[in-house]
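The primary structure of each chain is shown beneath.
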Amino acid sequence: MEKDKLLADLFGDFKPTLSDDAQFMAALERRLDAVEHLKQIQQAQLRRYRYAMAAVLAMALVAGGGLFMVISQWPADVPVFRFESNWQVLVFIEQHGRLIVQILAAMLTGYATIAIGNAIQNWQEVPRRESHR
């Protein structure tokens, strides 16, 4: 009972004032403009990321193709690796070094292409996911 009286005394003098509609609407408009500005900044960043990733994708394909061409142009009598060992695994790598390097280059180029393509696709889906909220 005493706590209720104490609370009533505490809040008895509280008389909140309501701001007028014009001030509220002006503050709301400022906040909405700020949100819209942030959305535009984010969309511009996503566009730049997409362009950058497309450039990196093109560079990865060109580099992979260039590496393939360089490996193909090496003289056949010059080994890619020289271990000078009798161990059969190293002899196999020494004899088939060109093919092994080409396979590794193809795998690396394929992985880079898929990873970059996946990143581009994920960034393209970001605005769609946000619009469904």
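Reference entry: report on the structure contained in this document. (Residues numbered from 1 in each chain as written. Predicted model: local features only at pLDDT ≥ 70, side-chain atom pairs only at ≥ 80, totals over all residues. Heavy atoms only, no water.)

### So, the overall build of the protein
Phase 1 of the analysis: Secondary structure summary: the protein contains four helices and zero strands in total.
Phase 2 of the analysis: Taken from the N to the C terminus, the helices and strands of the protein come in the order α-α-α-α.
Phase 3 of the analysis: Referenced to the eigenvectors of the C-alpha coordinate spread, the extents of the protein come out at roughly 100 × 40 × 20 Å.
Phase 4 of the analysis: Counting the 133 residues in the protein, one finds 12% classified as buried.
Phase 5 of the analysis: Here the protein displays about 11300 Å² of accessible surface, and carbon together with sulfur accounts for 64% of that area.
Phase 6 of the analysis: Computing the positive centroid from 14 side-chain charges and the negative centroid from 14, the protein places the two 5 Å apart. (Helix = DSSP H or I, 4+ residues; strand = E, 2+ residues; numbered from the N terminus. Buried < 20%, exposed > 50% of the residue type's maximum accessible area, 1.4 Å probe, protein only. Areas by Shrake-Rupley, 256 points an atom, 1.4 Å probe, with all protein chains shown as cover. Lys, Arg positive; Asp, Glu negative; His and termini not counted. Charge placed at Lys NZ, Arg CZ, Asp CG, Glu CD.)

### Things to note about unusual backbone geometry
Phase 1 of the analysis: Of note, the phi angle at E84 is positive, near 50°, even though the residue is not glycine.
Phase 2 of the analysis: Taking the relative accessible area as the measure of exposure, E84 reaches 67% and is therefore exposed.

### Remarks on the nonpolar core
Phase 1 of the analysis: Listed in full, the five residues of the largest apolar core are M53, L57, A60, I116 and I120.
Phase 2 of the analysis: At the level of secondary structure, the elements contributing two or more residues to this core comprise α2 (21-73) and α4 (97-131).
Phase 3 of the analysis: Discounting residues that sit within four places of it in the chain, M53 has contacts with I116, A119, I120 and W123. (Core = buried A, V, L, I, M, F, W, Y, C linked by side-chain atoms within 4.5 Å. Contact = heavy atoms within 4.5 Å.)

### Let's talk about the environment of L99
Phase 1 of the analysis: Here L99 is to be found in helix α4.
Phase 2 of the analysis: Relative accessible area serves as the criterion here: at 49%, L99 is assigned to the partly exposed category.
Phase 3 of the analysis: Sequence separation between L99 and V80 is 19 residues, and the spatial gap between their C-alpha atoms is 9.6 Å.

### A closer look at the packing of aromatic side chains
Phase 1 of the analysis: According to the stated counting rule, one finds one aromatic pair in the structure shown.
Phase 2 of the analysis: Look at F81 and F83: their rings are 6.0 Å apart centre to centre, the planes differ by 10°, and that puts the pair in the stacked class.
Phase 3 of the analysis: By relative accessible area, which is 36% here, F83 ends up partly exposed. (Phe/Tyr/Trp six-rings, centres within 6.5 Å; stacked < 30°, edge-to-face > 60°.)

### Let's talk about a nonpolar patch on the surface
Phase 1 of the analysis: A contiguous nonpolar surface patch, about 480 Å² in accessible area, is contributed by L7, L10, F11 and F14.
Phase 2 of the analysis: Structurally, L7 is set in helix α1 (residues 2-12). (Patch = residues over 30% accessible without salt bridge, like charges linked within 9 Å, V, L, I, M, F, W, Y side chains within 5 Å. Salt bridge = Lys/Arg side-chain N within 4 Å of Asp/Glu carboxyl O.)

### Topic: the side chain of Q102
Phase 1 of the analysis: Along the chain, Q102 turns up in helix α4.
Phase 2 of the analysis: Judged by relative accessible area, which is 17%, Q102 ranks as buried.
Phase 3 of the analysis: In this view, Q102 contacts F68, I71 and S72; residues no more than four positions away in its chain are not counted.

### Here we look at the side chain of T109
Phase 1 of the analysis: Assignment of secondary structure puts T109 in helix α4.
Phase 2 of the analysis: From its side chain, T109 meets the backbone oxygen of A105 in a polar contact 2.8 Å long.
Phase 3 of the analysis: Residues in contact with T109, not counting those within four places in the same chain, are A60, L61 and G64. (Polar contact = N/O pair within 3.5 Å; in protein donor to acceptor, adjacent residues only side chain to side chain.)

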